[in-house]
Amino acid sequence: MLFGERVRLRPLRREDLPERLALEADPEVQLRTLGEETGEVSGLAGPEEWFSVLAGDPRSEQWAVEADDGTYIGDLDLHSIGLQPPGEPCHAWLNAFFGRREYWGRGLEEDAVRTLLVHARRDLGIEKISTEILETDSDLLRVLERVGFRLDERLEKAVNGKDVLALSIDLS
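Residues numbered from 1 in each chain as written. Predicted model: local features only at pLDDT ≥ 70, side-chain atom pairs only at ≥ 80, totals over all residues. Heavy atoms only, no water.

It is not clear to me how the nonpolar core should be interpreted in this structure. Could you clarify?
Across soluble globular proteins, nonpolar side chains show a tendency to be buried alongside one another. With 43 residues, the main nonpolar core has Leu-9, Leu-76, Leu-78, Val-113, Ile-126, Ile-129 and Phe-149 as its most contacted residues. Tallying contributions element by element places helix α4 (residues 108-124) first for this core, with six residues. When near neighbours in sequence (up to four residues on either side) are disregarded, Leu-9 contacts Met-1, Leu-2, Trp-63, Ala-64, Val-65, Leu-76, Ala-112, Thr-115 and Leu-116. (Core = buried A, V, L, I, M, F, W, Y, C linked by side-chain atoms within 4.5 Å. Buried < 20%, exposed > 50% of the residue type's maximum accessible area, 1.4 Å probe, protein only. Helix = DSSP H or I, 4+ residues; strand = E, 2+ residues; numbered from the N terminus. Contact = heavy atoms within 4.5 Å.)

Just checking my understanding: could you explain the sheet that holds strand β3 (residues 61-67) for this structure?
To summarise the sheet geometry, strands pair through backbone hydrogen bonds and adopt either a parallel or an antiparallel arrangement. The sheet built from eight strands is open, its strands ordered β1-β2-β3-β4-β5-β6-β8-β7 with mixed pairing. Taken across any chain shown, the strands that pair with only one partner, and hence form the sheet edges, are β1 (2-3) and β7 (150-159). Relative to strand β8 (residues 162-170), strand β6 (residues 128-134) runs antiparallel, the two being bridged by seven bridges. In the sheet register, Ile-133 faces β8, and the bridge partner there is Leu-165. (Pairing = 2+ DSSP bridges.)

It is not clear to me how the packing of aromatic side chains should be interpreted in this structure. Could you clarify?
Remark: the centre distance and the inter-plane angle together describe each pair of aromatic rings, the angle taken between the planes. Under the criterion given, the structure shown has zero aromatic pairs. We note Arg-20 situated over the ring of Phe-97; from NZ or CZ to the ring centre the distance is 4.3 Å. Sitting over the face of the ring of Tyr-103, Arg-106 holds its NZ or CZ atom 4.7 Å from the ring centroid. (Phe/Tyr/Trp six-rings, centres within 6.5 Å; stacked < 30°, edge-to-face > 60°. Lys NZ or Arg CZ within 6 Å of the ring centre and 35° of its normal.)

Help me out: how do you make sense of the pattern of salt bridges in this one?
Side-chain pairs of opposite charge can arise whenever the charged atoms involved come near each other. Scanning the entire structure with this criterion turns up 19 salt bridges. Residues Arg-8 and Glu-66 are paired through a salt bridge, measuring 2.7 Å at the closest nitrogen-oxygen approach. You can see Arg-8 sitting in strand β2 (residues 7-11) and its partner Glu-66 sitting in strand β3, a full 58 residues away along the chain. Given a relative accessible area of 23%, Arg-8 falls into the partly exposed group. The buried category is assigned to Glu-66, whose relative accessible area is 8%. Residue Glu-109 pairs with Arg-32 through a salt bridge whose shortest N-O separation is 3.8 Å. Residue Glu-109 is found in helix α4, and its partner Arg-32 is found in helix α2 (residues 27-34); the two are separated by 77 residues along the sequence. In this pair, the class of Glu-109 matches that of Arg-32, namely buried. (Salt bridge = Lys/Arg side-chain N within 4 Å of Asp/Glu carboxyl O.)

Is there a simple way to think about the environment of Leu-108 in this case?
Relative to the elements of secondary structure, Leu-108 occurs in helix α4. Judged by relative accessible area, which is 1%, Leu-108 ranks as buried. On a C-alpha basis, the gap between Leu-108 and Glu-5 in space is 8.9 Å, while along the polypeptide they are 103 residues apart. If sequence neighbours within four positions are ignored, Leu-108 has contacts with Arg-6, Val-7, Ala-67, Ile-73 and Tyr-103.

Explanation requested: α2 in the structure shown.
Residues spaced three or four apart along an α-helix face the same direction, because each turn holds 3.6 residues. Every buried residue of α2 is accounted for by Val-29, Gln-30 and Arg-32. One side of α2 carries all its buried residues, which in axial view fall inside an arc of 170°. If you check the start of α2, you find a side-chain oxygen 2.7 Å away from the backbone N of Glu-28, and it comes from Asp-26. (Arc of directions from axis to C-beta. Polar contact = N/O pair within 3.5 Å; in protein donor to acceptor, adjacent residues only side chain to side chain.)

I'm lost on the packing of α4 against helix α5 (residues 138-147) in this one. Help?
The relative placement of two packed helices comes down to the angle between their axes together with the axis-to-axis distance. Orientation of α4 relative to α5, taken along the N-to-C sense of each, is 45°, at an axis distance of 9 Å. Considered as vectors, α4 and α5 are oriented oblique to each other. For the crossing formed where α4 meets α5, the hand is right-handed. Counting all contacts with α4, which are made through Glu-109, Glu-110, Val-113, Arg-114 and Leu-117, the residues of α5 involved are Val-143, Leu-144, Arg-146 and Val-147. For the contact of α4 with α5, a count of residues per class yields five nonpolar, no polar and four charged. (Axes fitted to C-alpha atoms, helices over the stretch in contact; angles between N-to-C directions. Parallel < 35°, antiparallel > 145°, perpendicular 65-115°, else oblique. Left-handed = near helix turned anticlockwise from the far one by under 90°. Nonpolar A, V, L, I, M, F, W, Y, C, P; charged D, E, K, R; others polar.)

Okay, here's the thing in structure tokens:
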């Protein structure tokens, strides 16, 4: 487990998937994370496959984010850890999902990302983390900017007609 000031991160478990799926089905969450209300979710086979692939990858870690009251509010996924060319700084990619609306805007997302960044640098030796988010997730963008991520590139109309923002943070 990893402990922040107001959150704790624990390994994501297969038992978390039905709750994650329910959060993904929320129209407001879809607008924020997908840029549009799709009305669809992938079904348990999709998350099961996603979980199995990532859980079996020695170059990734999946962390469930729990608020200080124990409520699962989302998850953070570090992947492609250390797959850079030899001699390059250790690099990883971050995927962040915060789907519990009633916990948005309380600073928990920022605490969770900061906690993961400390772990990435201290325990894994990661020197750079990159991520891509949709422009529609302005709350996540603010969180990432507050912890030190900087915009590297804007990919115009790349997903569902929305811009994708490529960001990174130097942890060295």
